[in-house]
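Understanding the architecture of this molecule
The chain contents come next:
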Amino acid sequence: MSKRTFVLLSSLMAWLISGAVLGQSFDQAELDMFRTLRRQPNQLARYQYLNKVMPHLAPPDQVMAGQFLAFSLDELGLYNQAVLAFPLTSVPPEGMVVPDRDEWKSADAVDVITKLAADRRIVLINEAHHNAHTRTLTLALLPRLRKLGFTYFAAEALGENDPGLMQRGYPLKTSGTEYLEEPLYGDIVREAIRLGFILVPYDSSEIDPQARDAAQAATLFQKVFAKDPKARLFVHAGYAHIDKASGRLDSTTPMAAQLKKLTGFDPLSIDQTQFLESGEGDFDDYHLLIQRFPTQSAEVLINRATEKPWSALPKLYDLNVILPIALDVKTFGDSARRPFSSYASDSARLAMDSLIAINNLQRPRWLTLGSQRYPFPV
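This report concerns the structure included in the present document. All values reported here derive from a predicted model rather than from experimental measurement.

The next thing to look at is the overall build of the protein. Helix and strand content of the protein: 15 helices and 8 strands. Here the protein holds 378 residues, and 56% of them are scored as buried. Long-range pairs, those at least 24 residues apart, make up 72% of the contacts in the protein between residues at least 6 apart in sequence. In the structure as shown, the protein presents an accessible area of about 16,600 Å², 54% of it carried by carbon and sulfur atoms.

If you trace the 6 strands from one edge of the open sheet to the other, you get β4-β3-β5-β2-β6-β8, paired in parallel fashion. Only two strands of the sheet have a single partner each, and these edge strands are β4 (198-201) and β8 (319-320). Where strand β6 (residues 268-271) lies against β8, 2 bridges are found, and the strand directions are parallel. From the neighbouring strand, Ile270 faces β8, where its bridge partner is Leu319. Packing of helix α7 (residues 109-117) onto the sheet brings it into contact with β2 (122-127), β6 and β8, and relative to β6 it is tilted by some 160°.

In a regular helix each residue adds 1.5 Å, so 17 residues correspond to 24 Å; helix α5 (residues 59-75) covers 25 Å between its end C-alpha atoms and thus fits that length. Within α5, 13 of the 17 residues are buried, which leaves it mostly tucked inside the rest of the structure. Just downstream of α5 lies Gly77, where phi reads positive at about 85°.

Turning our attention to the nonpolar core. In terms of nonpolar packing, the biggest core is built from 68 residues, with Met33, Ile113, Leu137, Leu142, Phe153, Phe234 and Val321 touching the most fellow members. In terms of nonpolar packing, the next biggest core, distinct from the first, is built from 32 residues, Ile122, Phe293, Tyr317 and Ile322 among them.

Next up on the list: the side chain of Gln274. Structurally, Gln274 can be placed in the loop between β6 and α13 (285-292). By relative accessible area, which is 6% here, Gln274 ends up buried. Side-chain polar atoms of Gln274 contact the side chain of Arg248, separated by 3.2 Å. Not counting the four nearest positions on each side in its chain, Gln274 is found in contact with Ser90, Val91, Pro92, Pro93, Arg248, Leu313, Tyr317 and Asn320.

For the structure shown, the criterion picks out 8 aromatic pairs. Between Phe34 and Phe68, the aromatic rings sit 5.6 Å apart at their centres with planes inclined by 55°, giving tilted as the arrangement. On the criterion of sequence distance, the pair formed by Phe34 in helix α3 (residues 28-39) and Phe68 in helix α5 is long-range, its members being 34 residues apart. Pair check on accessibility: Phe34 and Phe68 agree, each one buried. Each ring, one from Phe68 and one from Phe71, has its centre 5.5 Å from the other, and the planes form 90°; the classification is edge-to-face. Within this pair, Phe68 and its partner Phe71 are both found in helix α5, separated by 3 residues, close to a single helical turn. Taking relative accessible area as the criterion, Phe68 reaches 3% and is therefore assigned buried. Assessed through its relative accessible area of 2%, Phe71 is described here as buried.

A pair can form between side chains of opposite charge whenever their charged atoms are brought close. Using the criterion set out here, one finds 20 salt bridges in the structure. A salt bridge links Arg120 to Asp266; the shortest N-O distance between them is 3.6 Å. Residue Arg120 is located in the loop between α7 and β2, and its partner Asp266 is located in the loop between α12 (255-263) and β6; the two are separated by 146 residues in the primary sequence. Using a relative accessible area of 34% as the deciding quantity, one classes Asp266 as partly exposed. Of the charged contacts, one joins Asp266 and Lys244 as a salt bridge, the two residues approaching to 3.1 Å between their closest N and O atoms. Here Asp266 is found in the loop between α12 and β6, whereas its partner Lys244 is found in the loop between β5 (233-238) and α12, with 22 residues between them in sequence. Here Lys244 falls in the buried class, since its relative accessible area comes to 14%. One connected set of salt bridges, linked through shared partners, spans Arg120, Lys244, Lys260, Asp266 and Asp318.

This brings us to the pairing of β5. Most of β5 is tucked away: 6 of the 6 residues are buried. Side-chain alternation along β5 places Leu233, Val235 and Ala237 on one buried face and Phe234, His236 and Gly238 on a second face that is also buried. When β2 meets β5, the two strands line up parallel, connected through 6 bridges. Bridge assignment links Glu127 to a residue of β5, and that residue is Gly238. Inspection of the sheet shows strand β3 (residues 152-155) paired to β5 by 4 bridges, in the parallel sense.

Before going further, it helps to spend a moment on the environment of Ala215. Structurally, Ala215 can be placed in helix α11 (residues 209-225). Once residues lying within four places of it in the same chain are set aside, the contact partners of Ala215 are Tyr202 and Ser204.

The contact between α7 and helix α8 (residues 136-147) brings their axes to 10 Å, and the two run at 45°. Here α8 runs oblique to α7, going by the angle between their axes. Classified by chirality, the crossing of α8 by α7 is right-handed. Taken together, the residues of α8 that come into contact with α7 (itself represented by Ala109, Val110, Asp111, Ile113, Thr114 and Ala117) are Leu137, Ala140, Leu141, Arg144 and Leu145. In terms of residue class, the contact of α7 with α8 is made up of 8 nonpolar, 1 polar and 2 charged.

Rules used throughout
- Residues numbered from 1 in each chain as written.
- Predicted model: local features only at pLDDT ≥ 70, side-chain atom pairs only at ≥ 80, totals over all residues.
- Heavy atoms only, no water.
- Helix = DSSP H or I, 4+ residues; strand = E, 2+ residues; numbered from the N terminus.
- Buried < 20%, exposed > 50% of the residue type's maximum accessible area, 1.4 Å probe, protein only.
- Contact = heavy atoms within 4.5 Å.
- Areas by Shrake-Rupley, 256 points an atom, 1.4 Å probe, with all protein chains shown as cover.
- Pairing = 2+ DSSP bridges.
- Axes fitted to C-alpha atoms, helices over the stretch in contact; angles between N-to-C directions.
- Expected span 1.5 Å × (residues − 1).
- Core = buried A, V, L, I, M, F, W, Y, C linked by side-chain atoms within 4.5 Å.
- Polar contact = N/O pair within 3.5 Å; in protein donor to acceptor, adjacent residues only side chain to side chain.
- Phe/Tyr/Trp six-rings, centres within 6.5 Å; stacked < 30°, edge-to-face > 60°.
- Salt bridge = Lys/Arg side-chain N within 4 Å of Asp/Glu carboxyl O.
- Parallel < 35°, antiparallel > 145°, perpendicular 65-115°, else oblique.
- Left-handed = near helix turned anticlockwise from the far one by under 90°.
- Nonpolar A, V, L, I, M, F, W, Y, C, P; charged D, E, K, R; others polar.

This is how it looks when you write it as structure tokens:
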């Protein structure tokens with residue numbers, strides 16, 4: 001994925017909700033598509049519009065539309081289809097050596113992060129907005145961090161237009177961006193309220209990446225640490241906003257780096273997006289890691305000699321989380337068991353199969369949330 005795409009991914013949905021004025025990073029076809037999307041009454045209508053318009057767009061615009069199609073699929077509960085509709089792959093860090101079992105061992109991500117967070121004032125974890133699998137770890141960490149004394153929870157999707165949210169206990173359409181319509185994100189907000197966290201909306205409608213990250217950091221500082229110098233803050237953000245140095249957002253100084261400067265506290269930054277499942281095959285670093293360190297739950301890698309966690313980009317974040325494999329061709333209810341590649345390269349077939357075969361779809365295993373939930377056919 002190009003750095004331009006990575007930067008735009010972190011801003012587009014904020015614009016769709018806020019109606020902010022777009023800058024010059026977009027061509028006219030993209031602008032027309034964004035404006036039409038904003039006029040759609042619900043996520044299903046957006047899905048149908050994108051599925052209709054995508055074949056008629058130029059290739060670069062199809063990439064952008066594919067991102068929004070993936071958002072819609074994710075929020076409609078078609079999780080694996082969302083991943084295949086927009087296979088997110090990051091550029092491997094230069095000179096990175098994939099860990100091996102002689103030097104590294106796997107460990108439960110929740111346990112390791114809880115231990116590392118014990119003496120931190122700020123913990124940040126990121127997500128890929130179209131991949132709800134990256135929200136399960138935040139849900140699992142909420143009770144652990146609350147027991148450690150964390151009292152503030154900030155989420156990028158929360159907005160400023162719902163003053164009754166904490167008293168009511170659950171989000172509505174007015175509570176923030178459309179990410180909240182995805183059930184796992186809604187669960188995160190409900191659980192944070194139930195546990196007694198103070199919710200902190202902090203995102204900005206700025207489209208310029210530098211201005212947006214600066215505004216995010218300033219808002220977190222003013223709402224939390226300026227009012228409560230002893231506060232402990234847990235932040236759920238998107239992509240590279242959790243980085244403590246520039247790099248993945250071009251020259252933009254990420255939100256976490258600016259928050260570190262404002263507060264003087266070194267945050268614990270946790271990345272889930274550098275190594276993500278995006279399709280079939282064992283040709284990428286994610287599948288190589290999974291082959292060497294098989295897992296059924298979120299894991300991190302610990303150095304056998306130093307006991308320190310592995311980070312592919314240690315100057316940017318403190319550790320990488322590796323999520324278990326979720327994709328399965330049964331996702332599509334297709335008796336022919338066509339290969340992933342045929343779906344990923346055929347967005348119309350992907351969309352058609354997703355909805356026509358809805359009663360035969362196999363739900364991702366991670367949706368059980370560690371056997372807390374069970375699938376029931378309807």
